[in-house]
Amino acid sequence: VAAALGLVALLGVAASLPPALREPGPLSPRIASYQISATLDPRTHVVSGRERLTWRNTQAEPATELKLHLYMNAFKNEESVFMREAAAGEGRLLGAPERWGFIDVTSIRLGTQELKSAARIARCAEDEADRPGCPRDETVMDLPLPAPVAPGASVVLELDFTVQLPAIIERTGYAGTFHLVGQWFPKVGVFEAAPGGGARWNCHAFHANSEFFADYGEYVVEITAPRDHLVGATGVLAEMRDAPGGLLTHVFHAEDVHDFAFAADPAFREHRERWGDVDVTLLYHPGSAAGVARDLGAVRAMKDLLERVAFPYPYRAITIVEPPVYGINAGGMEYPTLITTVPAFTPARTRLLEETAAHEFGHQYFYGLVASNEFEEAWLDEGLTTYVTSVLFDDLYGRDRSSFDLFGLRSSRVQVDRRSVATRPAADPLETFSWRFAPGSYWQVYAKTSVALHTLEAHLGRERLLAALGAYARAYRFKHPRAEDFFRAMSAASGEDLSWFFRPAFLGTAVLDYEVSALASARREPARGLFDRDGKRLEVKQQRPAAPAVYDTEVMVRRRGDFVFPVDLEVRFRDGAVERARWDGRDQYRRFAFSRPAPATAARIDPAGQVLLDADLLNNGMNARRDRAPARRVHQGLAFLVQNALQLVGF
Ligand SMILES: [Zn+2]
């Protein structure tokens, strides 16, 4: 009853809601909009809610059913897809939650018609054949409609639901008095164009390794909680008013977002500031005051970078939630205009707190504002966010120490990622649905994407690459881009077709590995044989080399993998000279010859260390052997290599 009263009150204030945007909206298509009235009982950790969903069919085909995510049922029992995958070692869950979580949808009304009995929830896992007795996942609800929603038409549903929050698990739930309420309300999937024509629902089960995908809309959400609770949420706070039972109702308004989350805790400390016309709220816990400046500094720096590269942050608010130490599993998560970081106990020189804050704010762009499908193409949100975070930290801390600088040990952010990628070659392309990655390799969507884009910097330069990334973000702001859109936008903005790089890097598993196969120098001797000079025929026999000395140096470089990437070769000589050459990297082998007054001492591929996708850096360089082998030996050695190469390619 309280919820019903709330929804009525909410409709009363809807006309006077403050704008949630910094510029006049709507900025997005507003396909799925929600009015929700919810009450949090912090004693039982139950959220009871009523939701009015307005959904518009933007496809050219009628929708005969709706599909809705019931994410919270992932935590209901061990038959959920989420728990089964977690038991197999995926995701970040260790063991069963201390308290199971679930969502019960108790009523679904279309006008006066009750639709609940037609809804279908429990099913076998996707990718699994439907069979009787299979473990039942309850995270997606199919809702057949009494009449189809025509193209361009809208449908309004009212749903009543009860959520039992789990003990903190996968970034939602409660820990002590702290509540982070995410993925909590019945949420419609995305009705999208099908590849072969027509339309289909994109509404995957909640997987241990996947995040979310939803359409944009407007949200008006009333949250009723005890008076002593501080509440932070997506959007701007529109109103606070008394509620029966000594409770307090917070009304939040969010525009052009595709999700809504909130946090509540009587233990919260609050820090507020304004950055121009953006309200910044940091909710943290006692003992974590030292994290305030660190969190805000990192978020501000990432906001500045993305505003420079892409476009101004369009919302009027950003809320940063620092969970308590005992609720750390709520940390490191992004929702529209609300992010969670980690408690401030980590030393500044590990950058963990700063990196989490910056990364999660980065998702305001790559997830929030550029809404790619996190289920199907996680590299587009996680990978791009990891890359921009690494770029930012190189700027803030220096390229050699952007990840950590501790006890004399230093590493850049991307080197940490590079090591993880090089030691575990990709079993799957990055363009793989999150739950279909080989066991334990989903993290490649973060690391390999970042390493790949850093590698592309070797070809484009960092500023050109960032400019292209910004153009991609602007082109797909408030849209659902896919990999091909990213490739096209990046190519168009950089003025060249980059598919030679994108296809192997993101759609394939080709290994990039270049090596220096041979290096040898020999002092040039006069050629022997018969020579016609000044009308006479002379025979030149073996004789002492003439002065000044000339050394012929030959370097053989080899492409060991199928990934073609242009590389630089640097050759150093005993007299201090350095020669550089560029190789397009296409052939299997390439011979480089130099003639100088001194022999070579070393040859190195990619001397600047930019081609970070290179799987084996140990073979990138070679020092000259200090023997006096004549040039013939070099040629024999090269001939042997070439023979091997020809056999390899099947000639
Ligand atoms: Zn992320």
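Let us look at the structure shown here. Note that the coordinates shown come from a computational prediction; the quantities given were computed from them, not determined experimentally.

Within the protein, the secondary structure is distributed over 11 helices and 33 strands. Residues counted as buried form 57% of the 651 residues belonging to the protein. The contacts of the protein with a sequence gap of at least 6 include a subset with a gap of at least 24, amounting to 71%. Accessible surface, the protein as shown: approximately 26,700 Å² in total, 53% of it carbon and sulfur. In the protein, 74 side chains carry a positive charge and 83 a negative one; their mean positions are 9 Å apart.

In this chain, Gly 25 is followed by Pro 26 through a cis amide linkage whose omega measures -5 degrees. Mapped onto the fold, Pro 26 is located in the loop between helix H1 (2-13) and strand E1 (32-41). In this model, Thr 337 sits at a positive phi of 55 degrees, which is unusual for a non-glycine residue. Mapped onto the fold, Thr 337 is located in the loop between strand E21 (333-335) and strand E22 (338-340). The class for Thr 337 is buried, based on a relative accessible area of 2%. Unusually for a residue other than glycine, Phe 478 sits at a positive phi of about 65 degrees. Along the chain, the position of Phe 478 falls in the loop between helix H8 (462-475) and helix H9 (483-494). Accessibility expressed as a relative area gives 4% for Phe 478, which makes it buried.

All right, on to the state of the cysteines then. Among covalent bonds in proteins, the disulfide is the one between the sulfur atoms of two cysteines. This model, assessed by the stated rule, comprises one disulfide. The partner cysteine of Cys 124 in its disulfide is Cys 134, sulfur to sulfur 2.0 Å. The sign of the S-S torsion, about -95 degrees, decides the handedness of the disulfide formed by Cys 124 and Cys 134: left-handed. With Cys 124 in the loop between strand E5 (113-114) and strand E6 (140-149) and Cys 134 in the loop between E5 and E6, the pair connects residues that are 10 residues apart, well separated along the chain. One exposure class covers both Cys 124 and Cys 134, and it is buried. Residue Cys 203 stays outside any disulfide, its sulfur separated by 17 Å from that of Cys 124, the closest cysteine. A relative accessible area of 12% places Cys 203 in the buried class.

This part takes up the sheet that holds E1. Strands sit in the order E5-E4-E7-E2-E1-E13-E16-E15 across an open sheet of eight strands; the sheet is mixed. Two strands close off the open sheet at either side, each with one partner strand: E5 and strand E15 (236-243). When E1 meets strand E13 (residues 217-226), the two strands line up parallel, connected through six bridges. For Tyr 34, the partnering residue across the bridge sits in E13 and is Tyr 219.

Attention shifts here to the packing of helix H4 (residues 352-362) against helix H5 (residues 382-397). Two numbers describe how H4 lies on H5: the axes approach to 9 Å, and their chain directions differ by 130 degrees. Relative to H5, H4 is oriented oblique. Crossing geometry of H4 relative to H5 is assigned as right-handed. Judged by residue contacts, Glu 354, Glu 355, Ala 358, His 359 and Gly 362 of H4 engage Glu 382, Thr 385, Thr 386, Thr 389, Leu 392, Phe 393 and Tyr 397 from H5.

One broad trend across soluble globular proteins is that nonpolar side chains are buried collectively. Trp 55, Trp 184, Tyr 472, Phe 486 and Phe 506 are the most contacted members of the largest nonpolar core, which has 172 residues in total. Looking at which element gives the most residues to this core, the answer is helix H3 (residues 290-309), with nine residues. With sequence-adjacent residues up to four places away left out, Trp 184 is seen in contact with Ile 36, Ala 38, Val 47, Met 72, Ile 103, Phe 161, Val 163, Val 221, Phe 260, Ala 261 and Phe 262.

Taken together, His 359 (NE2), His 363 (NE2) and Glu 382 (OE) make up the protein donors of the zinc ion, found 2.0 to 2.1 Å from the metal. Written as a sequence motif, the donor residues of the zinc ion are H-x3-H-x18-E. Taken as a pair, His 359 and His 363 share a single burial class, namely buried.

Turning our eyes to something else, we now look at the pattern of salt bridges. All chains considered together, the criterion is met by 51 salt bridges. Ionic pairing is found between Glu 211 and Arg 171, a salt bridge with its closest N-O pair at 3.7 Å. Here the residue Glu 211 occupies a position in the loop between strand E12 (199-202) and E13, and Arg 171 occupies one in the loop between strand E7 (154-164) and strand E8 (173-175), the gap between them amounting to 40 residues. Of the residues examined, Glu 211 reaches a relative accessible area of 5% and is grouped as buried. For Arg 171, a relative accessible area of 11% puts it in the buried group. The salt bridge involving Arg 596 is made with Glu 579; its shortest N-O contact spans 3.2 Å. Here Glu 579 lies in strand E30 (residues 578-583) and Arg 596 lies in strand E31 (residues 589-596), a separation of 17 residues in the sequence.

Okay, H5 next. In a regular helix each residue adds 1.5 Å, so 16 residues correspond to 22 Å; H5 covers 22 Å between its end C-alpha atoms and thus fits that length. Note on H5: the residue one or two positions beyond its end, Gly 398, has a positive phi of about 105 degrees.

Below, the discussion takes up the sheet that holds E6. If you walk across this open sheet you meet the three strands as E6-E3-E10, and the pairing is antiparallel. The sheet is open, and its two borders are formed by E6 and strand E10 (187-188), each paired with just one other strand. Note: strand E3 (residues 63-69) against E10, two bridges, orientation antiparallel. Its bridge partner lying in E10, Leu 68 is registered against Val 188.

Calculation notes
Residues numbered from 1 in each chain as written. Predicted model: local features only at pLDDT ≥ 70, side-chain atom pairs only at ≥ 80, totals over all residues. Heavy atoms only, no water. Helix = DSSP H or I, 4+ residues; strand = E, 2+ residues; numbered from the N terminus. Buried < 20%, exposed > 50% of the residue type's maximum accessible area, 1.4 Å probe, protein only. Contact = heavy atoms within 4.5 Å. Areas by Shrake-Rupley, 256 points an atom, 1.4 Å probe, with all protein chains shown as cover. Lys, Arg positive; Asp, Glu negative; His and termini not counted. Charge placed at Lys NZ, Arg CZ, Asp CG, Glu CD. Disulfide = S-S within 2.5 Å. Pairing = 2+ DSSP bridges. Axes fitted to C-alpha atoms, helices over the stretch in contact; angles between N-to-C directions. Parallel < 35°, antiparallel > 145°, perpendicular 65-115°, else oblique. Left-handed = near helix turned anticlockwise from the far one by under 90°. Core = buried A, V, L, I, M, F, W, Y, C linked by side-chain atoms within 4.5 Å. Donors = N, O, S within 2.8 Å, 3.2 Å for Na, K, Ca; no water. Salt bridge = Lys/Arg side-chain N within 4 Å of Asp/Glu carboxyl O. Expected span 1.5 Å × (residues − 1).

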